[in-house]
Amino acid sequence: FPSDNADEIAINSLGGTNISNKSNMCMPNNKKPEAATLTSSVGDASSSSAAILANNAYNNSTRPTKDETKHIKAVTSTHSDHVRNTKYDLLWFLGPALICYALNTSIVPIYAIGIARIISTRLTLTLHYLFFDKDNYLNKLPQKQLQREGEDYVVGTILHMYAQIPLQVLFPGMFFSDPSVIAISAKRALIAHVLLVEPLYYAAHRWLHLPENMKSMHGFHHLSISTLPSTSLVQNFHEHFVYIAVFGPAFFAPFLLYGEMHWTIIGAYLVLFDLINAYGHMNIKYRHPIFTSKYSPFQYLFYTPEFHLGHHAFFRANYALFMPIWDHMFGSWRKYTKTDTDKLLPANKQDFVFIGHNAGLAHFLTCPEWDVYAAYGPFRTFKYLPYSVEFLFCNLVGAFCRLIMSCYTCSRYMINETLIGRVICICRTPIDYIKPSRYPLVNKDIVKLIKSQNKHYGTKCFGLGNLNKMKQVNDGGQLISDMVKADPELKDKDIRVWTGDTMTAASVYHQLSELPGFDTLDSIFFVGANGKIGNAVCKHLLTTKPNLKIRIYSLSHTLDHPNVTYTSDLADLLNHRVVVLGKQLGVRKYSKALSPFRGASSKKQELTPYKCRVILDYTVPYIPIDLTGFHNIEHHQIAVLETSPDSNFLKGHFDIGFGLEQHQIYPCHAGCIINTLYDRKTDEVGEICVKDMITMWKRGQELGLRNRPLKF
């Protein structure tokens, strides 16, 4: 299998691609799309100087030169491998309470300010994603950056909580003066900020940009080229102490002069400071004449996001905090123009919709609207509650959501530079797919969504995600197809409904056939072979590898072949080197079946050896099996496709909220996108055609898609 640098090798080896119109599909396809191409990589977007030069936010007049960015690589390389252990963050957050108790000082100001700052930051992130990032497919932040900022954005706030403790003890009048001084203290803090903090920050910021200080401290902040609001809080640990010294005079100086101040003003100042600082790191353009006119004094007195984005682009310009006047005075001001949003396709363009649903409480918590840092990474089950309790809670949330909305619109992305796709979820939760009485309601919601999107955007292409195409719910999408054709409003609208399962079957087949030693494999154990994906995979395997024996876990016999046998004993999987899971049975069922054999040896000389070495799982969501005691068995998720970060085939947030890493996509989703690109005129529901599998896989490869490599 490829090594750790497999992505780089794969990207460099792909070169240009084109889409072939030679179709072997069982259903006719009429239109040939324009060719898609892959461009060369420019490096890690979170730390590369080449990425700065290639950033799509630049135009010719604002693009920095190579000479201006040649110092960046040395600066950022010092910090690029930084990883912070967040395991004890809650204990660090609770620490000030213990210290305050020991020193007999109030914890109220400390935690009121700290909690208010954290809430305001998270709320700003949510609003920024909803109104700006979600639909801007040209501004895709690297997963590495999201992980780094998610680990570090609270460090400054918690550190300030600790710094506040000695100040409360030594200068109680700075926090606990009579409330009557609050109004006047606010005015004094504002004046101190303008006269002291702004010039101090400008000087300190220029000092931080000295090469030695950039390498030791400030370069960590500048790892982020494209910024989030919370980027403003992400600093090197030692740099936070510099800012404590710079920002402290806003309330410390008035206290020394007048002998009075109040903690509510300090808290309000810090929260407001965070919000304005976050505003400067928003990746947006705001060009009101009051800030852009050469006759307006506000262009010197208050900044815009483009001003500070220019600092992250040029490094050696636009050093000021909130007042650009200091850069104008000292000759470091430079104009920066953000242009990526000018290149977005029209907001009402929507060629394809992938219809999803909620998958549990953990799914809520990984939505970028709630936590943008959790948008990527493995799908985590909510381990603190039994499934029954979790699903009941989600059911209540879903019922409430249906009172105020019929569906929820997620991120949009660009397909092959010309088309727009979007993920939209109906307000249905796991219980709706467990109780048969609710199946008609699920199908009704799906058709209702199709109707509304066609009416408002003219969308004709729809894909069914995960349980929305479950056989028990709608016969693998067939019922949805029939309902659309029977609907008076939709029957003449050329609506196409796809499951994408053909691509999933192709992905599973190729993942199996490319296993090391697969040519010498004599048998496999298959859970879920009676499903349409498993059925198609088995048929294709039996054709291409006629000596392979397949043992299927099922009570019903649907495949009639001399090499196919059935069993109702789940523990039989231990007798086969390769096990394929295409159906979720529940963690307890596996535990019960395997528990008698835990600790058994895999060595031949033992009395009860087991042969199993790898379990390949294409169920969604992927839930790891407890293999304690089986040291030689590995459980891997398969049927996950990768696309190149710089591919023109897919751009934007097509990969958010699916429990995957960045630039990964489930084959069913990708298959529906390929159908859209090729303007497939027929539905893709019901049974899978093996010839379709071959054609879809070929097209996917031409577009730069590949199975995620397995690492054993």
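Above this text sits the structure in question.
These numbers were taken from a predicted model, which means no experiment stands behind them. (Residues numbered from 1 in each chain as written. Predicted model: local features only at pLDDT ≥ 70, side-chain atom pairs only at ≥ 80, totals over all residues. Heavy atoms only, no water.)

Let's shift gears to the sheet that holds strand β3 (residues 419-426). The six strands are arranged β5-β4-β1-β3-β2-β13 in an open sheet whose pairing can be described as mixed. The open sheet has two edge strands with one neighbour each: β5 (496-498) and β13 (650-652). When the angles between neighbouring strand axes are averaged without regard to direction, this sheet yields 30°. Strand direction decides the pairing type here: strand β1 (residues 352-356) and strand β4 (residues 461-464), joined by four bridges, are parallel. Counterpart to F354 in the pairing with β4 is G463. Running at roughly 145° to β3, helix α22 (residues 439-457) makes contact with β1, β2 (407-415), β3, β4 and β5 of the sheet. (Pairing = 2+ DSSP bridges. Helix = DSSP H or I, 4+ residues; strand = E, 2+ residues; numbered from the N terminus. Axes fitted to C-alpha atoms, helices over the stretch in contact; angles between N-to-C directions. Contact = heavy atoms within 4.5 Å.)

Another aspect to go through is the pattern of salt bridges. Summed over all chains, the structure comprises 22 salt bridges. Two residues, D501 and K532, come together in a salt bridge whose shortest N-O distance is 3.0 Å. Here the residue D501 occupies a position in helix α25 (residues 501-513), and K532 occupies one in helix α26 (residues 532-544), the gap between them amounting to 31 residues. A residue is classified by how much of its surface remains accessible, and D501, at 5% relative accessible area, is buried. (Salt bridge = Lys/Arg side-chain N within 4 Å of Asp/Glu carboxyl O. Buried < 20%, exposed > 50% of the residue type's maximum accessible area, 1.4 Å probe, protein only.)

Time to look at the nonpolar core. Counting 63 residues, the largest nonpolar core has L512, I524, F526, I550, V578 and F649 as its most contacted members. With residues up to four places along the chain from it excluded, the contact list for V578 reads L512, L515, L521, I524, F525, V614 and L616. (Core = buried A, V, L, I, M, F, W, Y, C linked by side-chain atoms within 4.5 Å.)

Adjacent strands of a sheet form backbone hydrogen bonds with each other and so pair up, either parallel or antiparallel. The three strands lie next to each other as β14-β12-β15, forming an open sheet whose pairing is antiparallel. The two strands at the open ends of the sheet, each matched to only one other strand, are β14 (664-665) and β15 (706-707). Note: strand β12 (residues 641-642) against β15, two bridges, orientation antiparallel. Residue pairing across strands places E642 opposite R706, the latter belonging to β15.

Following the criterion strictly, the structure yields 30 aromatic pairs and no others. Ring centres 6.0 Å apart and planes at 15° place the aromatic pair Y279 and F302 in the stacked group. Here Y279 is found in helix α14 (residues 263-280), whereas its partner F302 is found in the loop between α16 (298-301) and α17 (305-314), with 23 residues between them in sequence. The ring of F314 carries R334 above its face, with NZ or CZ at 4.1 Å from the centroid. Residue placement shows K545 over the ring face of F518; its charged tip is 5.6 Å from the ring centre. (Phe/Tyr/Trp six-rings, centres within 6.5 Å; stacked < 30°, edge-to-face > 60°. Lys NZ or Arg CZ within 6 Å of the ring centre and 35° of its normal.)

Along the chain, S554 falls in the loop between β7 (549-553) and β8 (564-567). Along the primary structure S554 and T567 are separated by 13 residues, whereas in three dimensions their C-alpha atoms are 6.1 Å apart. Not counting the four nearest positions on each side in its chain, S554 is found in contact with N530, Y566 and T567.

As a further point, take the environment of D626. Tracing the chain through its elements places D626 in the loop between β10 (614-617) and β11 (634-637). Relative accessible area serves as the criterion here: at 34%, D626 is assigned to the partly exposed category. Considered as a pair, D626 and S595 are 31 residues apart in the sequence and their alpha carbons are 9.9 Å apart. Within polar-contact distance, the side chain of D626 engages the side chain of T628 at 2.5 Å. (Polar contact = N/O pair within 3.5 Å; in protein donor to acceptor, adjacent residues only side chain to side chain.)

What follows is about helix α27 (residues 587-594). The set of residues buried in α27 consists of Y590, A593 and L594. Angularly, the buried residues of α27 cover 90° about the axis, an arc narrow enough to put them on a single face. In α27, those exposed residues whose orientation departs by more than 90 degrees from the buried face are R588 and K592. Buried residues belonging to α27 abut β6 (523-527) and β9 (578-581). (Arc of directions from axis to C-beta.)

On to a nonpolar patch on the surface, then. Nonpolar side chains collect at one region of the surface, where L190, I191, V194, L195, L196 and L200 lie side by side and expose about 530 Å² of accessible area between them. Within the element layout of this structure, L195 appears in helix α10 (residues 182-208). (Patch = residues over 30% accessible without salt bridge, like charges linked within 9 Å, V, L, I, M, F, W, Y side chains within 5 Å. Areas by Shrake-Rupley, 256 points an atom, 1.4 Å probe, with all protein chains shown as cover.)

Tracing the backbone through its elements, the reader meets T619 in the loop between β10 and β11. The contact partners of T619, leaving out residues within four places of it in the chain, are L581, G582, K583 and Q584.

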